[in-house]
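Examination of the molecular architecture
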Amino acid sequence: MPEGAYADTPLFPTDPDRVFWALQGRRLPAKRHPYGLQLRIDELEDDHIVDEGGDLWHRRIEELDALACALCAHRYAVGHASFVDGVVLPGTSLPHEFSTRGVMPPVERLNLPESSP
């Protein structure tokens, strides 16, 4: 997408979950999961999103989604975004599929003892 493409298309669809996937290059845990929320906040902070009103941890999930979409709009405005499946995502080239490998750290699972009748 060339720089300034937003002038021809000032309105475009995006999806905050896929924005985060594109920024990370992989799928993330659900945003309702504490680890998923942590990864999203870490990504926004790594992209120099600053919350002058406090800390991103004090924001609602919807506000974090809005920040991701604003970041995507900025990338679109400067030509660092791509159309994928009908939505705009940050990055000039994206994988055809987002991996789920490493989405959640492995957790040891213990088998429960079998109950006797």
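Going by the structure above, here's the rest.
Values in this document were obtained by computation on a predicted structure and should not be read as measured data.

Time to look at the nonpolar core. In terms of nonpolar packing, the biggest core is built from 21 residues, with V19, L64 and V88 touching the most fellow members. Among the secondary structure elements, those contributing two or more residues to this core are helix 1 (16–24), helix 2 (34–46), helix 3 (61–77) and strand 2 (87–90). When neighbours within four sequence positions are excluded, V19 is seen to be in contact with T14, A68, C72, L89 and P90.

Quick look at the side chain of R40 now. Secondary-structure assignment places R40 in helix 2. At a separation of 2.8 Å, a polar atom in the side chain of R40 contacts the main-chain carbonyl oxygen of P29. Not counting residues up to four positions away in its chain, the partners in contact with R40 are D17, F20, W21, L28, P29, A30 and K31.

Right, let's talk about the packing of helix 2 against helix 3 for a bit. Where helix 2 contacts helix 3, the two axes come as close as 11 Å, and the packing angle between them is 40 degrees. By the angle class used here, helix 2 and helix 3 are oblique. As helix 2 packs across helix 3, the resulting crossing turns out to be left-handed. For the pair helix 2 and helix 3, contact is made by L37, I41 and L44 and by I61, L64, L67 and A68, respectively. The class makeup of the residues in the contact of helix 2 with helix 3 is 7 nonpolar, no polar and no charged.

Below, the discussion takes up unusual backbone geometry. Positive phi is not limited to glycine here, since H48 has a value of about 65 degrees. On the secondary structure map, H48 appears in the loop between helix 2 and helix 3.

Time to look at helix 1. Buried within helix 1 are the following residues: P16, V19, F20, W21, A22 and L23. On its buried face, helix 1 sits against helix 2, helix 3 and strand 2. The first or second residue beyond helix 1 is G25, which carries a positive phi of 75 degrees.

Criteria and cut-off values
- Residues numbered from 1 in each chain as written.
- Predicted model: local features only at pLDDT ≥ 70, side-chain atom pairs only at ≥ 80, totals over all residues.
- Heavy atoms only, no water.
- Core = buried A, V, L, I, M, F, W, Y, C linked by side-chain atoms within 4.5 Å.
- Buried < 20%, exposed > 50% of the residue type's maximum accessible area, 1.4 Å probe, protein only.
- Helix = DSSP H or I, 4+ residues; strand = E, 2+ residues; numbered from the N terminus.
- Contact = heavy atoms within 4.5 Å.
- Polar contact = N/O pair within 3.5 Å; in protein donor to acceptor, adjacent residues only side chain to side chain.
- Axes fitted to C-alpha atoms, helices over the stretch in contact; angles between N-to-C directions.
- Parallel < 35°, antiparallel > 145°, perpendicular 65-115°, else oblique.
- Left-handed = near helix turned anticlockwise from the far one by under 90°.
- Nonpolar A, V, L, I, M, F, W, Y, C, P; charged D, E, K, R; others polar.

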